[in-house]
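The lines below spell out each chain.
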Amino acid sequence: MTQVTERGTLLPTAPRAAARRRSPAAAACVLGGAVAAGLGLGFLAVLVIVLWISSPYPDSGPGGALHLAAGLWLLAHGTELVRYDTLSGVPAPVGVTPLLLVALPVLLMRRAARLGSASGDGSMDDEVLPPSLVFSAVTCGYLAVGAMATVYAAGGPMPADPLSAAWHVPLVAVLAAAGGVWDARGRPPVTLPSWAPGWAVRGVRTAIARPRYALALRSGAAGALVLLGGGILLVGASLAWHGPEVQGSFLALTGVWSGRFAVLLLALTLIPNAMVWGAAYGLGPGFALGSGATATPLGFGGSPALPRFPLLAALPPEGSGTPLTWAAVAVPVAAGLGVGWFAVRRAREVSYGETALTAALGSVVCGLAMAGLAAAAAGPMGAAALASFGPVWWQVGAAATGWTLGLAVPLAVAVHAWRTRPARGAASAADEWHDSGVRELRWAALRRAATPMVPVGADPVAVAPRVAPRVAPPVAPVTGAGVSAPPVPVAPPVVSGEPEVPVAPVVSVAPVVVVGPGAVPEVPAAVAEGVAPLLPGVSGARVLSRKPSE
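All values derive from a computational prediction rather than experimental measurement.

Analysis parameters
- Residues numbered from 1 in each chain as written.
- Predicted model: local features only at pLDDT ≥ 70, side-chain atom pairs only at ≥ 80, totals over all residues.
- Heavy atoms only, no water.
- Helix = DSSP H or I, 4+ residues; strand = E, 2+ residues; numbered from the N terminus.
- Buried < 20%, exposed > 50% of the residue type's maximum accessible area, 1.4 Å probe, protein only.
- Contact = heavy atoms within 4.5 Å.
- Areas by Shrake-Rupley, 256 points an atom, 1.4 Å probe, with all protein chains shown as cover.
- Pairing = 2+ DSSP bridges.
- Salt bridge = Lys/Arg side-chain N within 4 Å of Asp/Glu carboxyl O.
- Core = buried A, V, L, I, M, F, W, Y, C linked by side-chain atoms within 4.5 Å.
- Phe/Tyr/Trp six-rings, centres within 6.5 Å; stacked < 30°, edge-to-face > 60°.
- Axes fitted to C-alpha atoms, helices over the stretch in contact; angles between N-to-C directions.
- Parallel < 35°, antiparallel > 145°, perpendicular 65-115°, else oblique.
- Left-handed = near helix turned anticlockwise from the far one by under 90°.
- Nonpolar A, V, L, I, M, F, W, Y, C, P; charged D, E, K, R; others polar.
- pLDDT = per-residue confidence, 0-100.

**Observations concerning the overall build of the chain**
Check the secondary structure of the chain and you find 18 helices and nine strands. For the chain, the residues scored as buried account for 32% of the 550 residues in total. Across the chain, every contact between residues at least 6 apart in sequence was considered, and the portion connecting residues at least 24 apart equals 73%. For the chain, the exposed area adds up to about 32600 Å²; of that, 69% sits on carbon and sulfur atoms.

**Comments concerning the sheet that holds strand 7 (residues 389–390)**
The antiparallel open sheet is built from five strands, whose spatial order is 6-5-4-3-7. Whereas interior strands pair on both sides, the edge strands pair on one side only; in this sheet they are strand 6 (319–320) and strand 7.

**Quick look at the pattern of salt bridges**
Counting across every chain of the model gives four salt bridges. Measuring nitrogen to oxygen at the nearest pair gives 2.3 Å for the salt bridge that ties R110 to D183. Of this pair, R110 sits in helix 4 (residues 99–118) while D183 sits in helix 6 (residues 162–184); the two residues are 73 residues apart in sequence, bridging distant segments of the chain. Of the residues examined, D183 reaches a relative accessible area of 15% and is grouped as buried. Ionic pairing is found between D183 and R114, a salt bridge with its closest N-O pair at 2.9 Å. Pair noted here: D183 is in helix 6 and R114 is in helix 4, with a separation of 69 residues, a long-range link. In this structure, a network of salt bridges that share partners links the residues R110, R114, D183 and R187.

**Notes on the nonpolar core**
Counting 34 residues, the largest nonpolar core has L227, F287, L289, M370 and F389 as the members making the most contacts within it. Looking at this core, the elements with two or more residues in it are helix 8 (211–241), helix 10 (257–269), helix 11 (271–283), strand 3 (287–289), helix 13 (330–342), helix 14 (352–377) and helix 15 (393–419). A total of six residues in this core trace back to one element, the largest contributor, which is helix 11. When neighbours within four sequence positions are excluded, M370 is seen to be in contact with A224, L227, L228, A279, V396 and A400. Core analysis: the next-biggest nonpolar cluster, separate from the first, contains 32 residues, V94, V145, A153 and A176 among them.

**Digging into the packing of aromatic side chains**
What the rule picks out here adds up to four aromatic pairs. Summarising the aromatic geometry, the rings of Y281 and F287 are spaced 6.2 Å apart at their centres and angled 40 degrees between planes, so their arrangement reads as tilted. The residues Y281 and F287 share a single accessibility class, namely buried. A network of ring pairs unites the aromatic residues W277, Y281, F287 and F389 as a single cluster.

**Description of the packing of helix 11 against helix 14**
Closest axis-to-axis distance for the helix 11/helix 14 pair is 9 Å, and the angle between their directions is 125 degrees. As the angle between them shows, helix 11 and helix 14 are arranged oblique. Helix 14 is crossed by helix 11, and the crossing has left-handed handedness. Where helix 11 approaches helix 14, its residues N273, V276, W277 and A279 are matched on the opposing element by M370, L373, A374 and A377. The class makeup of the residues in the contact of helix 11 with helix 14 is seven nonpolar, one polar and no charged.

**Observations regarding the confidence of the model for the chain**
The pLDDT averaged across the chain works out to 79; a share of 72% of its residues lies at or above 70. Here residues 1–8 is a poorly scored stretch, pLDDT under 50, and it has one contact once near neighbours within four places are set aside; other chains count. Every residue in residues 478–485 scores below 50 in pLDDT, and together they form ten contacts with partners more than four places removed in sequence or on other chains.

Structure below.
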């Protein structure tokens, strides 16, 4: 019994060993997510502390500055903050998220997911983690720090709304982590999990296989980029047009350089929001500036209760629109043309209906993208009159879809017709090429070009029979002055196994005899009269002259 116990076969422990090897890598991914959140918090904390130190009249101590940094970090995820120190005493929400600030947590979280996916080389001691485990571990570490930041910001001057933080922070973390893992794996095709229904799996496979949907995404993205570019052009032109008002608003906010630097940083982080607002203005719906106040190309109506800020000083004047404001419709026109141009495939076998459908799908993609950007760029800036601030997402999405759909489909069909048009004179050239008379002329030209190789009356396709090689008779050397030995003809060899072709008789050529220095050689009469060539024809053999005998 002891021998059986000591010498028995041990049970396999591979799963436990794999778990031990995998746990450090998973813990490293969790730590990476926590570090990504900590780096974002640290960056904002350092910035707020520097501004607090340089401020001549700080409102609170360093603890208040750190609480404010935690609130700004949550605001970068789209979380609404609550401001309690208002004149009316009613808490006022602050929900306009600076879109440039969103890039900070997104980039850090994406980097953490990429590093977690790249860890491990597949050896026995360093196993590569599956993508799902990397994604879960990095997200858990990030959300743990986010929960602590939410609790810490609750004691500051602008705490975060817990319900808003409960879904904004996980949403940003999940999207950024998924993008990082997907990028680290080489951007493979999107596949649904095994528990997904069959119709959904088939739909995704069809969407990936057909180029229609890829072109629709490309054209929709192009249209959205054109709208955003036009929006920033409108904002820049308005800032230049209202330059004195913008400068006066900037200088009136604060008189110290640290405060002006803070205002400048806030304006820079709001530039992407201004791009979306400008695009919404060009599309037609415009943007809301409080209850009952809306700015559109047709006019600026209502009584907006606007805070003093440089970007808001560049708004158009109140009243009906002017031809200068009506010119903003050039932005959606350019976007529609861009969607139609990028929705056309270069293949000739694509039908007009397929091209029109691709352009229509691109318009829908553009509308969805602009609706999402409008929702992210807007939000409340207070209670009552400032509860609605920014563009309305569904109006912007509908306007973007309508503008691009009406312009992209006709342009795409026209461009497709232009690219697939037949070449000028192609049909007539093809008929002339196949004409019987032209074909005979071509054959005649080919025969004339091949005359040195093929006789005029021979068939150029037929294969000529193999001719037995013939050897020219050797020429006797000169043995004395004016005397030469007669040439001896040699019969040509015959190759066995092949039909012998009659060979023309070989004419012996007398050698040229030199009688002395300065004498003129005699030319044989046969050669002089043109009966025999100067040298016999050679085929398949090489004639070597015999050395003269001494």
